[in-house]
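Residue-level structural notes
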Amino acid sequence: MKRMQIFGMLSKDMDQIEKELYRSVQGDDELLAETSLHLLKAGGKRLRPVFVLMGGKFGQYDLEKLKRVAIPLELIHSASLVHDDVIDDAELRRGELTVKAKWGDKIAMYTGDYIYAKALVIASELQNPRIHQILSKAMVEMSIGEMEQIRDFFNSGQSVRHYLRRIRRKTALLIAISCELGALAADAEPGTARLLYDYGYNVGMAFQIRDDLLDLSGTEKQIGKPPGSDMRQGNITLPVIYSLEDSRLRTPLLDELALIRSGQAGVGRAIDLILSGDGITRAEELASRYIDKALVALEQLPVNKTRRNLRDIAYFVTGRAY
């Protein structure tokens, strides 16, 4: 099933959110508006706003309230990407030049800060302290996740558990609260909001693992940047960790990682080594287990069309057959 088929029921509301997303970063400073729009117009899956709207379907659906959650969450995600690209020295994002590549590090960092601030301004229009508490706590956790990733660049000794904790903070948490806050903004039952959080968390974990897999096994056209970018930047992902556990691959892969770090080699040989083992398969299996957990949470929610759509999204994330 295509993504647009899954999201079709929300297309009109998503169109409105997309337009307001662009408007939200304009009007204060010409350069900041230009740099912010450059990233937003490069596209993206817009999963977080979609999850907010779907969460709202389990309560009293009100787009005016929901967009004051959906837009900030997408802005927070976008701001984190701008900062990531500076840290990673990334040239491409979604097939386009990054803000960092086009305007430099300083402008990119202030652009990220500006987008974060805009998110908070919009969220403040909602008179619900619980939403603000969840949002601010998540931003703290995301910052910790970013610091963990920086500390772990080229750390070949990190454990699977450490990796999972990092992606929880960097990716899964924001998707989880997108589902939860959509429900809370729509005055859904607290138990329903918690189940939606559980669903979103597990989908988010699977989504990031799948994204890390694509970085190694996908094409530049698929992922919008050269394959192996994570490794080139020193980001040791799950399939790499699993491959390092293979006694046959460990020594040659460590040698390749050392050469990559020193700039003496590209990532081609390292990718070939990883693809020759079972690291990819093991990572895919873990992503599937997270999806299974997401489906268990869904089963406890009221039966409606939105629940079916959330199931379809879970399958879409990992490419699982229906």
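Model, not experiment: these values are computed from the prediction.

Applying the stated criterion to the full structure yields 1 cavity of 30 Å³ or more. What the largest cavity holds in volume is close to 40 Å³. Lining the largest cavity, in full, are H38, L39, A42, R93, E96, L97, T98 and V99. A class-by-class count of the residues in the lining of the largest cavity yields 4 nonpolar, 2 polar and 2 charged.

Under the 1.5 Å per step criterion, the end-to-end length of helix α9 (residues 160-185) is 35 Å for 26 residues, consistent within 8% with the ideal 38 Å. The sharpest bend along α9 measures roughly 50° and falls at R168. In terms of burial, α9 is a largely internal element, 22 of the 26 residues being buried. Downstream of α9 by a residue or two, D187 has a phi angle that is positive, lying close to 60°.

Along the chain, V86 turns up in helix α5 (residues 63-87). It is 29 Å that separates the C-alpha atoms of V86 and K67, two residues lying 19 residues apart in sequence. Apart from residues lying up to four places away in sequence, V86 is in contact with K100, D105, A108 and M109.

Let us look at the nonpolar core. Counting 104 residues, the largest nonpolar core has I177, Y199, I209 and M231 as its most contacted members. For this core, the element with the highest residue contribution is α9, accounting for 15 residues. With residues up to four places along the chain from it excluded, the contact list for I209 reads Y163, L164, I167, L238, A283, L286, A287 and Y290.

This model, assessed by the stated rule, comprises 24 salt bridges. Linking E20 and K67 is a salt bridge whose minimum nitrogen-to-oxygen distance equals 2.6 Å. Linking E20 in helix α2 (residues 11-24) with K67 in helix α5, this pair joins segments that are 47 residues apart in sequence. Look at K67 and you get buried, because its relative accessible area is 6%. A salt bridge links R282 to E245; the shortest N-O distance between them is 3.1 Å. Taken together, the positions of R282 in helix α16 (residues 279-299) and E245 in the loop between α13 (238-244) and α14 (247-262) put the pair 37 residues apart, joining distant regions of the chain. Overlapping salt bridges, with partners in common, bring together E20, R23, E64, K67, R68 and E125 in one network.

Rules used in this analysis
- All residue numbers refer to position in the chain's written sequence, counted from 1.
- Selection of residues for local features in this predicted model requires a pLDDT of at least 70, selection of side-chain atom pairs for listing and counting requires 80 or more, and totals for whole chains, interfaces and linings are taken over all residues.
- Each side-chain value is worked out from all heavy atoms of the structure, with water and hydrogens disregarded.
- Here a cavity denotes a set of grid points, spaced 1 Å apart and computed over the protein atoms alone, in which a 1.4 Å probe fits but from which it cannot get out, and a pocket denotes an open set meeting protein on both sides within 12 Å along at least five of seven lines; residues with an atom within 4 Å of a point are reported as lining.
- Grid points are joined across faces, edges and corners, and a volume is the space filled by probe spheres set on the points.
- Put simply, Ala, Val, Leu, Ile, Met, Phe, Trp, Tyr, Cys and Pro go in the nonpolar bin, Asp, Glu, Lys and Arg in the charged bin, and everything else, Gly too, in the polar bin.
- What counts as a helix is a DSSP run of H or I of at least four residues, what counts as a strand is a run of E of at least two, and both are numbered from the N terminus.
- What a helix should span is 1.5 Å times the count of its residues minus one.
- To get the bend at a given residue, fit one axis to the seven residues ending there, fit another to the seven starting there, and take the angle between those axes.
- Burial status follows relative accessibility: with a 1.4 Å probe on protein chains alone, a residue under 20% of its type maximum counts as buried, one over 50% as exposed, and anything between as partly exposed.
- Two residues form a contact once any of their heavy atoms are found within 4.5 Å.
- We call a set of buried residues a nonpolar core when its members are Ala, Val, Leu, Ile, Met, Phe, Trp, Tyr or Cys and they connect through side-chain atoms within 4.5 Å of each other.
- Criterion for a salt bridge: a side-chain nitrogen of Lys or Arg within 4 Å of a carboxyl oxygen of Asp or Glu.

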